[in-house]
Amino acid sequence: MSTPKTGVGEFTVWDYVVFVLMLIVSALIGIYQAFKARGQQSNVQFLLGNRELRALPVALSLASSFMSAITVIGTPAEVYRFGAMFLIFCLTYAIVITITAELFLPIFYRLNITSAYEYLNLRYNKIARYIGTSFFVTQTVLYTGIVIYAPALALNQVTGFDLWGVLVATGLVCTVYCTLGGLKAVVWTDVFQMTVMIIGFVAVIIRGAVIHGGFAKVLNISYHGGRLNFWDFDPSPVRRHTFWTIVVGGTFVWTAIYGINQSQVQRYLSCRSQFEAKLSLYLNLVGLWIIAICAVFTGLTMYAIYHQCDPLTQNKVRASDQLLPYLVMDILRDYPGVPGLFVAAAYSGTLSTVSSSINALAAVTVEDFIKPFISLSEEKLAWVTKGLSFAFGITCIAIAALTSVMGGVLQAALTIFGILGGPLLGMFFLGMTFRCANSIGALSGLSAAFILTMWIGIGEHVYRPLPVQSRPLPLSTAGCIDININTSQSARVTTRPASNLTSRPAIADTLYSISYLYLSPIGTLTALVVGLIVSFLTGGKKNMVDKKLLMTYKDSLCYNIYVNRSLRALTLSPQDQQDTIAEEELEAIADTEKVTPTFTDQEPTITDQEPTSTDQEPTSTDQEPPATEQEPDSEKKNEESTTDL
C-alpha cells in the first residue's frame, strides 16, 4: 500500500470504547492503591510509597516515564525522515544505566533523602540547593508541557477534535489523576500503561508487515531507501545524528535524566533496599530496549508504506509529528477498536510521564522550599503536596501551548534537557567526584555553563541548521495517483526552507548548527572545568568533605560481589562469616538516619586519622561500621598497631 487516500478513517464507537476502557483501568488501579493507603496519610507514603516497592514495578515505571508519548509520536517520525540510526540509543541506554546504578544511586540511597537536590545542600550550601531545584522545576514544567502536547496532537489528527480543547482536557485528566494517587498508584498504573504502549506499537508493525508480505519486505524497502543507516562515524559535531553524537551526547543527556532528575531518582529511592533499587535500573534497561526497538520498527514500517507517496510532501499532514497518527487511521481503519488502541497507547504515555513529573515537582517544592521554613505534620504536608500537584498540572497545560513553535516534539524535549540538565549534571558530578570543589566554584560553573548552553540553544532556534547538517533522507511522491500533485515534487526532500541564507552569520553554520545532543556535554564539561578552576582559586584544596557525599569504588556492584565472595573464603567460623557479611550488607544499604556532612565552608565534624594500612578506613568519632576490607575478628589488633605503623 504505497498510495494513501485523500481521506483517512475516523474514530468509531469501538475506538472510543477501547480508549475509555484504558482510562477506566488506569483509574481503577490508582483508586485501588489509594484505597489501600487510606490509613497512612503521610507525605512519605504519598511521595515514596513508604520506601517498600519492589524492583520489577519500579523498573517498568522508570521505562515508561521518559519513553512515553514523546517516543510513541516522535521516534517513528524521526526514523521516517532521518533513518534508523536512533536505534544506537540502545547502546547509550546501557552506558547510562550502568553509570547511574554504580555511581549516582548509592550516594542518594545511603543519604536517605527524598529530594535529590538535598544533596546540593549537604555538599555545598542552601543557595546551591535552591538554584538546583529551580533548574529542575523549570526543566520539568517545560518537558511536561511537551508531553501533554504530543498526544493532544495525535488525538487531533485521528479524531478531528479541536487541538487546544484536547490539550486542555488531556492536561486536566492527568492533573486530577496524579493529585488523587500517590507514588504507589503512579508506579502500578505505569506498569499497565507501558503494556498498552507496546501493544499499540506491535499492532502497527504487524499490520504493516501483512500489507507488504512480511518483515523482510519492510526491511528491504527501508534498506533501499537509505533508512538502515546505523553506522555513520562522521566525527563532525554539526551533524545532527551520527554514532558519536548519539553515544557521547546521548549519554550525557540521559545521565542527566536518570542520574539526577527527581522524577527518576524518586522512583528508585522508593525501593525497599539498595539492591532492589539497582535491580530496578537494570531491569528498566530491558524495557528501554524493547520500547526503542518497537518505535524504530514502527518508523521503518511507516516508510515502507509511504516510500512512494509521502504525506508530508502532499501536505496531508502539517508536521512530521502527525505522521504516525495518519498512518494508524490509514492502515487500521478497517479494524474497529485498533485506532483507539493506538490513541490509548499515546495517552498512556502521557499519563505515566505527567503523573511522575507532577509528583516530582510537588516533592521538591515541599522538601526544598517549604519544610526548611515551615514546620507541618506529615498529614498536613501530604495535603499540601496534593495541592501543589494540582497547581503544577495547571501550569504544565499553559506551557504546552509553547510546544507548537518549538519544532518536533522529540528534539524539543531533548533540547530542553541539554540546556538545563547538562549544567546541573556538571554541578552534581563536580561535588561527587572532587573533594576540592566548593560552593563558589560549583555556582560559578553552573552559571557559566547555563549561559553558554542557553546562548547556543537560542542561536539554534533562530538560525535553523541547513539540510547539509541535518541531512534528511529523500521522500518521494512518484507513486501518488492524486492529480493535484505536481510531478516535479517527485523525490522531493521535505525540509524547512532555507530562507535568508545571505543574512546568516558565520557562527550560524558552526556553533549554532552543533547537534542538539551536544548541548548537554557542553554544559556538563563547562560546569566541571569552570567549577574546578574557581574552587582552586578560592581555597578548595582545604576542603574536608564527608566521604558519604563522594563516589567510591566500594559502591559498585562488582566490588560488593568480590568482597562477599572473599569473606566466604576466609577461614572464619560460620557465625563470624554471617556477622561479617551482615556488616558488609549494612554498608551497601542506605543508612537509617540522615548524615550530617561537613559543608565546604565549615569546620569538619569528623576527626579523621591516618589509616593503619592501605586497606583500612579511618576511625571517625561518629562510630561508623568498620570498612568492608577489614576483618571483624582482627579489628582490635589493627587498632593496637596504629601507633607503630
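Visitor: Could you clarify how one ought to interpret the overall build of the chain in this entry?
Guide: Looking only at helices and strands, the chain has 23 helices and zero strands in total. Buried positions account for 58% of the 645 residues belonging to the chain. Once local pairs closer than 6 in sequence are excluded, the contacts in the chain between residues at least 24 apart make up 84%. For the chain, the accessible area works out to roughly 26,300 Å², and carbon and sulfur atoms hold 64% of it.

Visitor: Would you explain the environment of Ile99 in this entry?
Guide: Along the polypeptide, Ile99 turns up in helix α5 (residues 89–111). Spatially, the C-alpha atoms of Ile99 and Tyr258 are 9.3 Å apart, while their sequence positions differ by 159 residues. Residues within four places of Ile99 in sequence aside, it is in contact with Phe104, Thr251 and Thr255.

Visitor: So what exactly am I meant to see when it comes to the packing of helix α10 (residues 215–224) against helix α13 (residues 274–306) here?
Guide: The geometry of α10 relative to α13 is characterised by a closest axis approach of 9 Å and an angle of 75 degrees between their N-to-C directions. As far as their axial angle goes, α13 and α10 are roughly perpendicular. Facing Val218, Leu219, Ile221 and Ser222 of α10, the residues of α13 in contact are Phe297, Leu300, Thr301, Tyr303 and Ala304. Partitioned by chemical class, the residues of the contact of α10 with α13 number seven nonpolar, two polar and no charged.

Visitor: Please clarify how the nonpolar core should be interpreted in this entry.
Guide: Across soluble globular proteins, nonpolar side chains show a tendency to be buried alongside one another. Grouped together as the largest cluster of nonpolar side chains are 147 residues, with contacts concentrated most on Phe108, Tyr119, Tyr258, Met427 and Phe428. For Phe108, the residues in contact, after removing those within four places along its chain, are Ile113, Ala116, Tyr119, Gly259, Val265, Tyr268, Leu269, Phe428 and Met432.

Visitor: Would you mind going over the environment of Ile88 with me for this structure?
Guide: Checked against the element boundaries, Ile88 lands in the loop between α4 (69–82) and α5. A relative accessible area of 6% means that Ile88 is categorised as buried. The sequence separation of Ile88 and His241 amounts to 153 residues, and the corresponding C-alpha distance is 10.0 Å. Every residue in contact with Ile88, bar those within four places of it in the chain, is listed here: Phe230, Phe243, Ile246 and Val247.

Visitor: How do you make sense of a nonpolar patch on the surface when you look at a structure like this?
Guide: Nonpolar side chains collect at one region of the surface, where Val168, Leu172, Val176, Leu180, Phe390 and Ile394 lie side by side and expose about 500 Å² of accessible area between them. At the level of secondary structure, the elements contributing two or more residues to the nonpolar patch comprise α8 (163–180) and α16 (378–400). Per element, the largest residue contribution to the nonpolar patch is four residues, and it comes from α8. With respect to the helices and strands, the residue Leu180 is situated in helix α8.

Visitor: Would you explain helix α14 (residues 323–331) in this entry?
Guide: Note that an α-helix has 3.6 residues per turn; residues three or four places apart therefore point the same way. With nine of its nine residues buried, α14 lies for the most part within the structure. Every buried residue of α14 is accounted for by Leu323, Leu324, Pro325, Tyr326, Leu327, Val328, Met329, Asp330 and Ile331.

Visitor: Can you walk me through the pattern of salt bridges in this structure?
Guide: Pairs may arise between side chains of opposite charge once their charged atoms sit close together. Using the criterion set out here, one finds eight salt bridges in the structure. Among the ionic pairs, Asp368 bridges to Arg129, the shortest N-O distance being 2.7 Å. One end of the pair, Asp368, is in helix α15 (residues 338–370); the other, Arg129, is in helix α7 (residues 126–159), and 239 residues separate them in sequence. The closest approach of N and O atoms between Arg267 and Asp190, which form a salt bridge, is 3.2 Å. Of this pair, Arg267 sits in helix α12 (residues 262–268) while Asp190 is found in helix α9 (residues 183–212), placing the two residues 77 residues apart along the sequence. Where salt bridges share partners, they join Asp232, Asp234 and Arg239 into one cluster.

Visitor: Which parts of the structure should I look at to understand the packing of aromatic side chains?
Guide: Two descriptors summarise a pair of aromatic rings, namely the distance from one centre to the other and the angle between the planes of the rings. By the definition in use, this model includes 22 aromatic pairs. Ring geometry for Phe86 versus Phe89: centroids 4.6 Å apart, planes at 45 degrees, classification tilted. Look at Phe86 and you get buried, because its relative accessible area is 4%. With relative accessibility at 1%, the residue Phe89 sits in the buried group. Lying over the aromatic face of Phe82, Arg240 brings its terminal NZ or CZ to 4.2 Å of the ring centre. The ring of Trp383 has Lys386 sitting right over it, with the charged end atom 4.9 Å from the ring centre.

Visitor: Any chance you could explain the packing of α9 against α15 here in plain terms?
Guide: Pairs of packed helices are described in terms of their axes, by the angle between the two and the distance that separates them. Between α9 and α15, the least distance of the axes is 8 Å, while the angle of their chain directions is 150 degrees. In terms of orientation, α9 lies roughly antiparallel with respect to α15. At the point where α9 passes α15, the crossing takes the left-handed sense. Contact with α9, carried on its side by Leu183, Val186, Asp190, Gln193, Val196, Met197, Ile199, Gly200 and Ala203, involves Val338, Leu341, Ala344, Ala345, Ser348, Gly349, Leu351, Ser352, Ser355, Ser356 and Asn359 of α15 and no other residues of that element.

Visitor: When you look at the side chain of Thr524 in this model, what are you seeing that I'm missing?
Guide: Relative to the assigned elements, Thr524 resides in helix α20 (residues 519–537). Sequence-distant contacts of Thr524, defined by excluding residues within four places in its chain, comprise Phe252, Gly422, Pro423, Leu425 and Gly426.

Visitor: Can you walk me through the confidence of the model for the chain in this structure?
Guide: Note that predicted coordinates carrying low pLDDT should not be read in detail. On average, residues of the chain carry a pLDDT of 77, and 75% of them reach 70 or more. For the chain, helix α23 (residues 635–640) is the element with the lowest average pLDDT, namely 42, and α20 is the one with the highest, namely 94. With pLDDT under 50 throughout, residues 483–501 is counted as low confidence; its partners more than four residues away or in other chains account for 31 contacts. Scored below 50 in pLDDT, residues 584–645 makes 87 contacts in the model with residues more than four places away or belonging to other chains.

Visitor: I keep staring at α9 and nothing clicks. Help me out?
Guide: The terminal C-alpha atoms of α9 lie 44 Å apart, and with 30 residues this matches the ideal 44 Å at 1.5 Å per residue to within 8%. Trailing α9 by a residue or two, Gly213 shows a phi angle of about 85 degrees, which is positive.

Visitor: I'm lost on unusual backbone geometry in this one. Help?
Guide: Even without being a glycine, Asn112 presents a positive backbone phi close to 55 degrees. Along the chain, Asn112 falls in the loop between α5 and α6 (118–123). Phi angles above zero are rare outside glycine, and Asn315 is one such case at about 60 degrees. With respect to the helices, strands and loops of the structure, Asn315 is situated in the loop between α13 and α14. Judged by its relative accessible area of 64%, Asn315 falls in the exposed class.

Conventions adopted
Residues numbered from 1 in each chain as written. Predicted model: local features only at pLDDT ≥ 70, side-chain atom pairs only at ≥ 80, totals over all residues. Heavy atoms only, no water. Helix = DSSP H or I, 4+ residues; strand = E, 2+ residues; numbered from the N terminus. Buried < 20%, exposed > 50% of the residue type's maximum accessible area, 1.4 Å probe, protein only. Contact = heavy atoms within 4.5 Å. Areas by Shrake-Rupley, 256 points an atom, 1.4 Å probe, with all protein chains shown as cover. Axes fitted to C-alpha atoms, helices over the stretch in contact; angles between N-to-C directions. Parallel < 35°, antiparallel > 145°, perpendicular 65-115°, else oblique. Nonpolar A, V, L, I, M, F, W, Y, C, P; charged D, E, K, R; others polar. Core = buried A, V, L, I, M, F, W, Y, C linked by side-chain atoms within 4.5 Å. Patch = residues over 30% accessible without salt bridge, like charges linked within 9 Å, V, L, I, M, F, W, Y side chains within 5 Å. Salt bridge = Lys/Arg side-chain N within 4 Å of Asp/Glu carboxyl O. Phe/Tyr/Trp six-rings, centres within 6.5 Å; stacked < 30°, edge-to-face > 60°. Lys NZ or Arg CZ within 6 Å of the ring centre and 35° of its normal. Left-handed = near helix turned anticlockwise from the far one by under 90°. pLDDT = per-residue confidence, 0-100. Expected span 1.5 Å × (residues − 1).

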